[in-house]
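Now for the letters of each chain:
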Amino acid sequence: MNPAEWLLSTAKSSPEAPALFCGTVLTADYGTFARRAASIAGALGQRGICAGDRVAILMQNRTEYLEALYGIWWAGAVAVPINAKLHAKEAAWIIENSGSRVVFASASNAAGLDAIRPNCLEEVVIAGEDSFSDLYDAPGQAEPTAVSASDMIWLFYTSGTTGRPKGVMISAGNMMAMITGYLAGVGSHCRADSTLYAAPMSHGAGIYNFMHVIAGGRHICPASEGFESAEIFDLAAQFDRVSMFAAPTMVRRMVDYANASGASGDGLVSIIYAGGPMYLADITEAVEVMGPRFVQIYGQGECPMAITVLPRETVADRNHPRWRQRLASVGRQQMVSCVSVVDQDGTTLPTGEIGEIVVSGPAVMSGYWNNPDASQQTIRDGWLWTGDMGALDEDGFLTLHDRSKDMIISGGSNIYPREVEEILLGHASVAEVAVVGRPHAEWGEEVVACIVSADGQQVDAAALDAHCIANIARFKRPKDYVVLTALPKNNYGKVVKTELRQHIAK
């Protein structure tokens, strides 16, 4: 079950197959990729890293990321992916909490750690410098370390928008289940396919590497080491048969670029969107502009990319009488997961009723790292309580409403911000919106809409009121509209509503 076995298998069968690219420049075929991973494992062994030890990766999107990742697994160690956009203090906390003794880093991230080096950290190996390339010369570990299905291989830290992040323990078996769900719900790959890493490799984009390693496909890291719409469209056209993971905010930027440039997205086969709410208006326009290239996945760090799937044919369908409702959903449960909607006591709710989404199956984490209380609170009787609110329809399509903590209770009535946000986004003056609750002496909370206006548009509260009243119950409409130049977002592109609540409370 060691993922490094999949790399070794591909390297044996197709050693000359192109594997790693920086932009259009080939940096390693599969034979070289595997040899480097084996040498990195050998070098880690020389440093006393053993099976089960944690090794962190704090790196921009580079080909060295995958070499380090598979080197860690080859050694039987646990990869601790850290978003390279985090502040050095945040990264240092994760390193300390995980007990990582070695960190593979980009130069800029390594510099940030110098002043606040965690006590456990013994060495920082910097991609693009001799400290990394010298590892290629270390005596390679001949075979990947044996790993069982229950062994942790990935220690992923949650984004921590409401407090300290928690370490999610993901096993080899969890990853295998995720791959199975992907192959069934999204599709398989072959050597002619490529995956492009524009979103952080520490998150969804990174764990989608497996399917292409198994197939012997190509791995493309943009030369910019990040997300640039023009670069993505250019690379897709040159490589062809490209799949990529994208947060909804990235999809929005790609569609805006396509509209402005006339690009159609030639070469892009699949754009898998996840990691935040994709509003109906945005995905409808995306399909109109770029065609049937989109697949939606719903997952969490605690059940990585494996809760539900909305396949490309459903995303693109405009013939079904309820296509809008289906497109606004996150699809149906993946074949590896069981999904239910329950009340606060865990009782399954009838079709159409909103409750907390729970999931069980082989992709669900074993628990949180060194945090038994949080583990027991989140996993109950084998079910992961996601903290997301949603409802299932009669065909099994799951529609998300909000995080349970984001629900607004005004005058005893539950108001789900996403419903209001969907309506407001249908108005021409609104480019982005986030709805939050504000304390109210009489009603408990009142609804406030934080809005980024569309280019050249003025936000008219009376016009937005009329638009809401025409589409939703009067009690759900915002009592105040706050215009902002931008919505606060974390490093994964999710709106940080805690900051908005603080802002509107002033």
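Everything discussed here concerns the structure shown above.
Student: Please clarify how the environment of Ile-272 should be interpreted in this entry.
Tutor: Relative to the helices and strands, Ile-272 is located in strand E12 (residues 268-273). Judged by relative accessible area, which is 1%, Ile-272 ranks as buried. For the pair formed by Ile-272 and Thr-10, sequence separation is 262 residues and the distance between their alpha carbons is 24 Å.

Student: How should the sheet that holds E12 be read in this particular structure?
Tutor: Whenever strands of a sheet pair, they do so through backbone hydrogen bonds, lying parallel or antiparallel. Spatially, E2-E1-E10-E9-E11-E12-E13-E14-E15 is the arrangement adopted by the nine strands of the open sheet, whose pairing is mixed. With one partner strand each, in any of the chains shown, strand E2 (25-29) and strand E15 (332-333) form the two edges of the open sheet. Pairing geometry for strand E9 (residues 194-196) and strand E11 (residues 242-246), over three bridges, is parallel. Each residue of the ladder has a partner; that of Leu-196, found in E11, is Met-244.

Student: Explanation requested: helix H18 (residues 497-504) in the structure shown.
Tutor: One turn of the α-helix equals 3.6 residues, which is why residues spaced by three or four share an orientation. Among all positions of H18, only Lys-497, Leu-500 and Ile-504 are buried. Axial view of H18: buried residues confined to an arc of 50°, hence all on one face. Here the buried face of H18 lies against strand E21 (398-403), helix H16 (417-424), strand E24 (430-440), strand E25 (444-453) and strand E26 (480-483).

Student: How should the nonpolar core be read in this particular structure?
Tutor: Side chains of a nonpolar character, in soluble globular proteins, are inclined to be buried together. Phe-104, Trp-154, Phe-210, Met-244 and Phe-294 are the most contacted members of the largest nonpolar core, which has 122 residues in total. Top element by residues in this core is helix H2 (residues 30-46). It accounts for nine residues. Each residue touching Met-244, except ones within four places of it in the same chain, is listed here: Leu-196, Ala-198, Ile-232, Met-250, Met-254, Leu-268, Ser-270, Ile-271 and Ile-272.

Student: So what exactly am I meant to see when it comes to the state of the cysteines here?
Tutor: Disulfide: a covalent bond formed between the sulfur atoms of two cysteine residues. All chains considered together, the criterion is met by zero disulfides. This cysteine, Cys-50, is not joined by any disulfide, and Cys-120 carries the nearest cysteine sulfur, 16 Å off.

Student: Looking at this structure, I do not really get the environment of Ala-107. What am I missing?
Tutor: Within the secondary structure, Ala-107 sits in helix H5 (residues 107-113). Setting aside its immediate chain neighbours within four residues, Ala-107 contacts Ile-126 and Glu-129.

Student: Help me out: how do you make sense of the pairing of strand E16 (residues 338-342) in this one?
Tutor: Every other side chain in a regular strand lies on the same face of the sheet, so the side chains alternate between the two faces. Here E16 lies mainly inside the structure; four of its five residues are buried. Pairing of E16 with strand E17 (residues 355-360) involves five bridges; the strand directions are antiparallel. By the bridge assignment, Ser-340 is partnered in E17 with Val-358.

Rules of the game
- The numbering scheme is per chain: residues are counted from 1 as the chain's sequence reads.
- Only residues with pLDDT of at least 70 get local features here, since the model is predicted, and only at 80 or more are side-chain atom pairs given and counted; chain-wide, interface and lining totals rely on the full set of residues.
- Water and hydrogen atoms were dropped before computing side-chain values, which therefore reflect all heavy atoms in the structure.
- Helix and strand definitions follow DSSP, with helices as H or I runs of at least four residues and strands as E runs of at least two, each counted in order from the N terminus.
- The classification of residues rests on relative accessible area computed with a 1.4 Å probe and restricted to protein chains. Under 20% of the type maximum is buried, over 50% is exposed, and intermediate values are partly exposed.
- Strands pair, by our definition, only if DSSP identifies at least two bridges between them.
- The directions from the helix axis to the C-beta atoms are what the arc is built from.
- Note on contacts: a residue pair qualifies if any of its non-hydrogen atoms lie within 4.5 Å across the two residues.
- Among buried residues, those of type Ala, Val, Leu, Ile, Met, Phe, Trp, Tyr and Cys that are joined through side-chain atoms within 4.5 Å constitute a nonpolar core.
- Disulfides are defined in this document as cysteine sulfur pairs within 2.5 Å.

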